[in-house]
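Next come the chains, spelled out residue by residue.
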Amino acid sequence: MDAQQLERLRKVLEEERASAIAELERYGADPDSERVEPIEGIDDNFADSAAATAERSEILAFIDSARERLADVNAALRKMDAGTYGSCETCGNPISEERLEARPLSVQCVRCAASS
């Protein structure tokens, strides 16, 4: 992978990182810890507590998803810094440039991903 493509992918990953952090902050979640502020707009004393519980669960699922995405992006950026980005975690072979362009968070080559 050439330096220009690597820099382009780094920019994509950094934008994804900023997006995940913004999403976490929008939901009152700390991007650097497991802390979550009380969720605005959900009244725990609401007569329909099942609806409040369902809404809280949905928001917490969004938070979990954003945290997973952020962790994946941070791992990819660390690999870039270490010079190991683009190597399959299963077989060690290079991940194709096409796959990384389409899915910069890929950790496996197409063959290994298909057999997982």
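See above for the structure.
Residues numbered from 1 in each chain as written. Predicted model: local features only at pLDDT ≥ 70, side-chain atom pairs only at ≥ 80, totals over all residues. Heavy atoms only, no water.

Peer 1: Would you take a moment to explain empty space enclosed by the protein for this structure?
Peer 2: Vacant regions in the atomic arrangement are exposed by a probe of water-molecule size rolled over the atoms. Taken as a whole, this structure holds one cavity of 30 Å³ or more when the rule is applied. Space inside the largest cavity adds up to approximately 60 Å³. As for the largest cavity, its lining consists of Ala76, Lys79, Thr84, Tyr85, Gly86, Ser87, Ile95, Pro104, Leu105, Ser106 and Val107. Residues belonging to the lining of the largest cavity are distributed by class as follows: six nonpolar, four polar and one charged. (1 Å grid on protein atoms, 1.4 Å probe; cavity = no way out; pocket = protein on both sides within 12 Å on 5 of 7 lines; lining within 4 Å. Points joined across faces, edges and corners; volume = space filled by probe spheres on them. Nonpolar A, V, L, I, M, F, W, Y, C, P; charged D, E, K, R; others polar.)

Peer 1: I keep staring at the environment of Lys11 and nothing clicks. Help me out?
Peer 2: Among the secondary structure elements, Lys11 is positioned in helix 1 (residues 3-26). Between the C-alpha atoms of Lys11 and Leu77, which are 66 residues apart in sequence, the distance is 10.0 Å. (Helix = DSSP H or I, 4+ residues; strand = E, 2+ residues; numbered from the N terminus.)

Peer 1: How do you make sense of the pattern of salt bridges when you look at a structure like this?
Peer 2: Counted by the stated rule, this structure contains eight salt bridges. Here Arg69 makes a salt bridge to Glu16, at a shortest N to O gap of 2.4 Å. Residue Arg69 is located in helix 2 (residues 49-82), and its partner Glu16 is located in helix 1; the two are separated by 53 residues in the primary sequence. The salt bridge involving Arg35 is made with Asp30; its shortest N-O contact spans 3.7 Å. What makes Arg35 partly exposed here is its relative accessible area of 45%. A single network of salt bridges, built from pairs that share partners, joins Glu16, Glu23 and Arg69. (Salt bridge = Lys/Arg side-chain N within 4 Å of Asp/Glu carboxyl O. Buried < 20%, exposed > 50% of the residue type's maximum accessible area, 1.4 Å probe, protein only.)

Peer 1: Teacher, can you tell me more about the packing of aromatic side chains here?
Peer 2: How two aromatic rings sit relative to each other is given by the distance of their centres and the angle of their planes. Summed over all chains, the structure comprises one aromatic pair. Each ring, one from Tyr27 and one from Phe62, has its centre 5.9 Å from the other, and the planes form 15°; the classification is stacked. Placement of Tyr27 in the loop between helix 1 and helix 2 and of Phe62 in helix 2 is noted, with a sequence separation of 35 residues between them. Given a relative accessible area of 25%, Tyr27 falls into the partly exposed group. Among the residues examined, Phe62 registers a relative accessible area of 37% and is labelled partly exposed. Residue placement shows Arg26 over the ring face of Tyr27; its charged tip is 5.9 Å from the ring centre. (Phe/Tyr/Trp six-rings, centres within 6.5 Å; stacked < 30°, edge-to-face > 60°. Lys NZ or Arg CZ within 6 Å of the ring centre and 35° of its normal.)

Take it as geometry only, folks, not as evidence of what the structure does.
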